[in-house]
Amino acid sequence: PPCHPFKPRPAPNPNPIREFTIGAGCFHTKCYTNTTQFQPPGPPAGCMYPLSSWEPMENTECKVSAGPDRQRPTYHTRILMLTEPVTEIRLTTSTLEDDLIPSGGHSLHGIAFHKGDQVLSAGCIDDEVEEHMILTLDEEQPFLSEIVLQQTIWEVPNPSDPNLHKLEKRITYLKLTGHNGQEVSFGKQCDAGICAGIQWLAPEVTQGKLAIVAIGMAGNHPLSLQVVDFMNVEDAVDAFEKVFYQRGFFTSVVVNKASSLWRYEHQHTIALEDEGVYELLSMLHNAIENVARCETELLPNSVRLIDKTMEGDLPTVMSILRLNRYLSGIIQTKDWIHMWPLQQNRWYKLIPLKQLVASLTNTTETCKKLMDNTPGMNVFSYAVLQADQKSTMTAYLTFMCQILLMGMVLLGIDTSNFMDFHVSLIISIMMSAIVSICAKSQIDGHYATREAFEALEVEAANPVQFKRMMWLDFITNVMMAVFVIFLNFILLCSTTEYLDLVMNATAIVFIIELDDVVLNVEEDEMKGLLRDKLHRHLQNRLNERDPRVWRRYKGCVAKDRKIDLANCTYAFTDGKE
């Protein structure tokens, strides 16, 4: 391929975050012809990096497998996707004879990732790790500044078939340098080359503001890393929310489907939790090649993924975000996607594809924010979404009833018996605490709804309706909610009868929650309204762009456009983007 994966990677441009792999490439002998192994659907694609200078062992008849056995075409057996950023990394080597490479050196036996007191082990980890094999990262900036990885490949006979050999691949050198200047290393870096049936691959060197997000495993041995570069990202907390699951507990999502491992290793892609995202990528690539207005294909092909994000499917959400970062890395390093022929997807031809995926990513982030905030739906927010006469009149009627009931309570309070009945004082204190909780819930619901609607750009569709309903919601669920906390205490302290205490206590809570009680809408209908807004949001993202962005790029140089590599888009000569 024109862009060899093992050269030192250049420093990326500042804007998009990129995601890529280290040590994931597949290697085999130049006469590798095992047709019994798994073949993925679509056009035939073999290993991209044959060992053309390999010196096979005698009497092997070139029957060499690229993976650990004849039935598996990949070295990798699974990929562990990390759900949280790590604060400590521990490396482990093995002294067992079975883990020695033919040259007598050791291979990396395991990596342990720590986040506080939570540990995730990849491979075999010793109970006691030497101090020089531990890297502690800064908790506020848990980044790596450099990763150097070297692997070794050798051929071993298959015990079950003397005529069939296989290739083993291991990490024999790994150096990690923290953003705080600390570093840890394992093994000895060697010159790339072949000697006595052993090949030392060229070291892969990556620098930047790096975080390990996944680790590829070959059986119980760590084999590759998937990395995100946060170069020039100032707000690490916000960036981590888009890269990690942020669920509060440290674990991993396992990717072990044969087709996913094939793409990861043979086609130089990154690992995704949801395979359907790569299916969408292929459909969009086909649309760019064959459809005049390729942007019209994004919404109908991404409906299933949007539905899954609305259901809170985090693996799907993270897969879409990963794909966007992967395309950023491909374009910025001027690489190409090995899933398709080179002529169809040179880096400058991938810009329309990247912008389509970026539009979907923007909508996915909006949907994730919508699901995380859990907006409180009442008659006012429903009137904003539905925007019809019936829902609007219901909202106005509910508001008037709440104001009227609150006014009647104010006019009906008789403070002449204030604090005379000791039982009412106790009840008023207890009920004030309950009303405060209800009031806080109403206030949080208002601001969550407003933030969600602003993210969905609901105001643009009907700004007058939006402003009116949001003001009514603010008056009833913020101003009135704060007011009833004090009103409830005065009302109950002025009550002298037991039955009146019960009625007055429940009346206050009923008034502030009346807008929630009146709403009688099924959950599916509400989700349908939000889904329509998300679809409109996605369409708005597409309509914002210059229509020329979606045209297939037919050459390296065009009269009407230049390539904005930093933003992975076009800059047109008339000043538009």
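See the structure above.
Residues numbered from 1 in each chain as written. Predicted model: local features only at pLDDT ≥ 70, side-chain atom pairs only at ≥ 80, totals over all residues. Heavy atoms only, no water.

Caption draft 1: Structural view of the overall build of the protein chain. Across its full length, the protein chain holds 14 helices and 19 strands. By the burial criterion, 53% of the 577 residues in the protein chain qualify as buried. Restricting to contacts in the protein chain with at least 6 residues of sequence separation, those with at least 24 account for 76%. (Helix = DSSP H or I, 4+ residues; strand = E, 2+ residues; numbered from the N terminus. Buried < 20%, exposed > 50% of the residue type's maximum accessible area, 1.4 Å probe, protein only. Contact = heavy atoms within 4.5 Å.)

Caption draft 2: Here's a closer look at the nonpolar core. By size, the foremost hydrophobic cluster in this structure holds 63 residues, and its most contacted members are Leu281, Ile337, Leu353, Leu356 and Phe453. Sequence-distant contacts of Leu353, that is, excluding residues within four places in its chain, are made with Leu281, Leu284, His285, Ile288, Leu327, Ile337 and Trp340. The next biggest cluster of nonpolar side chains, apart from the first, holds 30 residues, and it includes Val86, Met133, Leu225 and Val227. (Core = buried A, V, L, I, M, F, W, Y, C linked by side-chain atoms within 4.5 Å.)

Caption draft 3: Region of interest: unusual backbone geometry. Positive phi outside glycine occurs at Ala387, with the angle close to 55°. Locating Ala387 in the fold gives a position in the loop between helix H7 (379-386) and helix H8 (389-412). Residue Ala387 is classed as partly exposed on the basis of its relative accessible area, which comes to 45%. One non-glycine residue, Cys568, lies in the positive phi region at around 55°. Residue placement: Cys568 occurs in the loop between strand S18 (561-564) and strand S19 (569-572).

Caption draft 4: Main features of the pattern of salt bridges. Counted according to the given criterion, the structure contains 18 salt bridges. With a closest N to O distance of 3.2 Å, Glu275 and Arg263 form a salt bridge. Here Arg263 lies in helix H2 (residues 258-266) and Glu275 lies in the loop between H2 and helix H3 (276-290), a separation of 12 residues in the sequence. When salt bridges that share partners are traced, they join Glu19, Glu273, Arg322 and Arg325 into one network. (Salt bridge = Lys/Arg side-chain N within 4 Å of Asp/Glu carboxyl O.)

Caption draft 5: Spotlight on the side chain of Asn477. Within the fold, Asn477 resides in helix H11 (residues 463-493). Here Asn477 falls in the buried class, since its relative accessible area comes to 2%. Of the polar contacts made by the side chain of Asn477, one reaches the side chain of Asp473; its length is 2.5 Å. In this structure, Asn477 is in contact with Asn378, Phe380, Gln442, Ile443, His446, Ile512 and Asp515, ignoring residues within four places of it in sequence. (Polar contact = N/O pair within 3.5 Å; in protein donor to acceptor, adjacent residues only side chain to side chain.)

Caption draft 6: Quick look at the pairing of strand S5 (residues 78-82). Counting buried residues in S5 gives four out of five residues, a clear majority hidden from the surface. By the bridge criterion, four bridges tie S5 to strand S15 (residues 204-218) in an arrangement that is antiparallel. Residue pairing across strands places Ile79 opposite Gly216, the latter belonging to S15. Summarising the sheet, S5 and strand S17 (residues 252-255) pair through four bridges and their orientation is antiparallel. Its bridge partner being in S17, Ile79 is matched across the sheet by Val255. (Pairing = 2+ DSSP bridges.)

Keep in mind these numbers describe shape, not what the thing actually does.
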